[in-house]
Amino acid sequence: MKVISPSYVILTDLDQQSLAVRIEACGRLCYKSEDKITADSAPAFIRRILKHGHNSVAEMAVLTLKIDVDRESHIAQLFAVLPKYLQIDRPEKKTLLVSGSVRAFRELFQGHGNLKIVKGITGFLADRHPLFFEDILPKRGLLPQEGVLVEKLSLAEVDNLPTDLFAKHRYIAVRFIVNRAVTHEMVRHRPCGFLQESQRYCRYSDSKFGNQVTFIRPLFYEPGSPEYAIWETAMQETEKLYIRLLETSTPQAARTVLPNSCKTELIVYANLLQWLHMFRLRTSRGADPSMREVMIPLLADFKVLFPAVFAHLTPEE
Ligand SMILES: Cc1cc2nc3c(=O)[nH]c(=O)nc-3n(C[C@H](O)[C@H](O)[C@H](O)COP(=O)(O)OP(=O)(O)OC[C@H]3O[C@@H](n4cnc5c(N)ncnc54)[C@H](O)[C@@H]3O)c2cc1C
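Residues numbered from 1 in each chain as written. Predicted model: local features only at pLDDT ≥ 70, side-chain atom pairs only at ≥ 80, totals over all residues.

What about the overall build of the protein chain?
Next up, step 1: Helices and strands together make up the secondary structure of the protein chain, namely 13 helices and 10 strands.
Next up, step 2: Structurally, the protein chain occupies a C-alpha span of about 70 × 50 × 35 Å along its principal axes.
Next up, step 3: Taking all 317 residues of the protein chain together, the buried fraction comes to 35%.
Next up, step 4: Counting contacts in the protein chain only where the partners sit at least 6 residues apart, residues at least 24 apart contribute 72% of the total. (Helix = DSSP H or I, 4+ residues; strand = E, 2+ residues; numbered from the N terminus. Buried ≥ 20, exposed ≤ 12 C-beta atoms within 10 Å, placed from the backbone. Contact = placed C-beta atoms within 7 Å.)

Examining the pairing of strand β4 (residues 86–92)
Remember that side chains alternate between the two faces of the sheet whenever the strand is regular.
Next up, step 1: Pairing of β4 with strand β5 (residues 95–101), which is carried by five bridges, proceeds in the antiparallel orientation. Bridged to Gln87 within β5 is Ser99.
Next up, step 2: Taking the residues that link successive antiparallel strands as the turn, the β4-β5 hairpin has two residues. (Pairing = 2+ DSSP bridges.)

A closer look at the packing of helix α4 (residues 102–112) against helix α5 (residues 116–128)
Next up, step 1: Packing of α4 against α5 brings their axes to within 10 Å, and their N-to-C directions diverge by 135 degrees. What the angle tells us is that α4 and α5 run oblique. As α4 packs across α5, the resulting crossing turns out to be left-handed. Along the contact surface, α4 presents Phe105, Leu108, Phe109 and His112, while α5 presents Val118, Ile121, Thr122 and Leu125.
Next up, step 2: Residue composition of the contact of α4 with α5, grouped by class: six nonpolar, two polar and no charged. (Axes fitted to C-alpha atoms, helices over the stretch in contact; angles between N-to-C directions. Parallel < 35°, antiparallel > 145°, perpendicular 65-115°, else oblique. Left-handed = near helix turned anticlockwise from the far one by under 90°. Nonpolar A, V, L, I, M, F, W, Y, C, P; charged D, E, K, R; others polar.)

Points about the sheet that holds strand β2 (residues 7–10)
Next up, step 1: The strand order β2-β7-β10-β8 describes an open sheet built from four strands, whose pairing is antiparallel. Each having just a single partner strand, β2 and β8 (193–196) make up the two edges of the open sheet. Each strand of the sheet is rotated relative to its neighbour by a mean of 15 degrees, with strand direction disregarded.
Next up, step 2: Sheet topology note: the β8/strand β10 (residues 263–271) ladder contains four bridges and is antiparallel. From the neighbouring strand, Leu195 faces β10, where its bridge partner is Ile267.
Next up, step 3: Along the sheet face, helix α1 (residues 19–31) touches β8 and β10 and points at about 45 degrees away from the line of β8.

As for the site of the ligand
Next up, step 1: Arg188, His189, Arg190, Pro191, His277, Leu281, Gly286 and Ala287 make up every residue found near the ligand.
Next up, step 2: The residue inventory of the shell around the ligand, partitioned by class, reads three nonpolar, three polar and two charged. (Near = placed C-beta within 6 Å.)

Quick word on the domain arrangement of the protein chain
Next up, step 1: Each domain of the protein chain was delimited in the assignment, giving domain 1 (2–15 + 170–310) and domain 2 (19–165).
Next up, step 2: When each unit is reduced to the centre of its C-alpha atoms, the spacing between domain 1 and domain 2 is 30 Å.
Next up, step 3: Across the boundary between the two partners, domain 1 contributes 18 residues, which contact 19 residues of domain 2.
Next up, step 4: Breaking the side of domain 1 that touches domain 2 down by element, the ones donating at least two residues are β8, β10 and α13 (307–310). (Domains from an automatic or database assignment.)

Thoughts on the sheet that holds strand β3 (residues 62–69)
Next up, step 1: Strand order in the open sheet made by the four strands is β4-β5-β3-β6, with antiparallel pairing throughout. Strands at the two margins of the open sheet, each flanked by one partner only, are β4 and β6 (148–152). Put simply, the sheet's adjacent strands are angled 25 degrees from each other on average, direction ignored.
Next up, step 2: Pairing of β3 with β5 involves seven bridges; the strand directions are antiparallel. Bridging across to β5, Lys66 finds its partner in Leu97.

Notes on the environment of Val182
Next up, step 1: By the element assignment, Val182 lies in helix α8 (residues 180–186).
Next up, step 2: Taking the C-alpha atoms as reference, Val182 lies 6.8 Å from Ser290; in sequence the two are 108 residues apart.
Next up, step 3: Excluding its chain neighbours within four sequence positions, the residues that come into contact with Val182 are Asp288, Ser290 and Met291.

What to know about α4
Next up, step 1: When α4 is considered as a whole, its buried residues turn out to be Val102, Arg103, Ala104, Phe105, Arg106, Leu108 and Phe109.
Next up, step 2: Structurally, α4 contributes buried residues whose contacts are with α1, β4, β5 and α5.

Things to note about the nonpolar core
Next up, step 1: Ranked by internal contacts, the top residues of the largest apolar core, which has 78 residues, are Ile23, Ile67, Ile121 and Val268.
Next up, step 2: Mapping this core onto the domain boundaries places at least three of its residues in each of domain 1 (2–15 + 170–310) and domain 2 (19–165).
Next up, step 3: If we ignore the near neighbours within four places in the chain, the residues touching Ile23 are Ile46, Val57, Ala58, Met60, Ala61 and Val102. (Core = buried A, V, L, I, M, F, W, Y, C linked by C-beta atoms within 7 Å.)

Below, the structure is given as structure tokens:
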């Protein structure tokens, strides 16, 4: 068995990549198959994922659009259908700022593809990113929609928005390596996108996992203490049982003996406003100390990266 400390990486580079590269890079975390990424592996991976309905992978790439319409009624129609999982602002009477993931834009079209404004948005996106829409568009494609002018904002343009809009429309992903109890708490934050290493697919007895189970050092017990020794014995016994079960059953069956201390990887992708909400809850005195162990240093990093949104926030002592 291996024991490691919890950690995280802010995926600042991710949003500089193409949408397809972002989606594949995050999606392969589930299967720990990052080694299979090549210069042209993304399209096949994405087609497979979408076909199988593993839709949360398509939440890992967000883009921001500026939409100008010639008639206010187009905007009214969009608001009337209460679009889900999109950040929508109306900086001017006939202008919208809309941020959403590939999944949110796909589902907007699937649910409300009859609206002119939705056709305009989808046509624009499908022209630039056909891969994400080829399975849901009509064969003849979409005709250009007069009176709906769509533009994509660059990341630099999003970063230059006024703070209130910036906090809503700027998304950032963080990859955590923590225990399963911490990720179980993180995934309660419903507006985020998540992807997690799958214990159903990962067989920790394989050489790519070092033929062993990895556990996260519990911050509650000092190495060398009697409590740490009890914890260590429990993990050693668990690992033995897990590997024995793998001799005759699948990882998804054998995982039923794995404990909260098991190491896992989780990507959390959210806008800055949602991160603010999470930091408020997850750095507070009442939060799980194992959660605070990663969220307090992460907040310090966010303060440096995005001072306009996080500078005022200080974790409770
Ligand atoms: C100290 C602490 C102790 C906790 N103890 C427990 C516990 O014992 N048991 C337990 O089950 N959970 C517990 N939780 C989890 C907690 O109840 C929340 O589920 C978790 O913190 C997610 O935060 P959130 O509910 O604010 O929502 P998020 O999912 O982060 O949502 C953000 C915002 O989205 C909106 N929202 C999202 N979904 C809905 C919805 N369905 N209806 C209305 N508004 C919605 C709300 O406006 C919310 O502010 C604990 C959390 C903390 C911080």
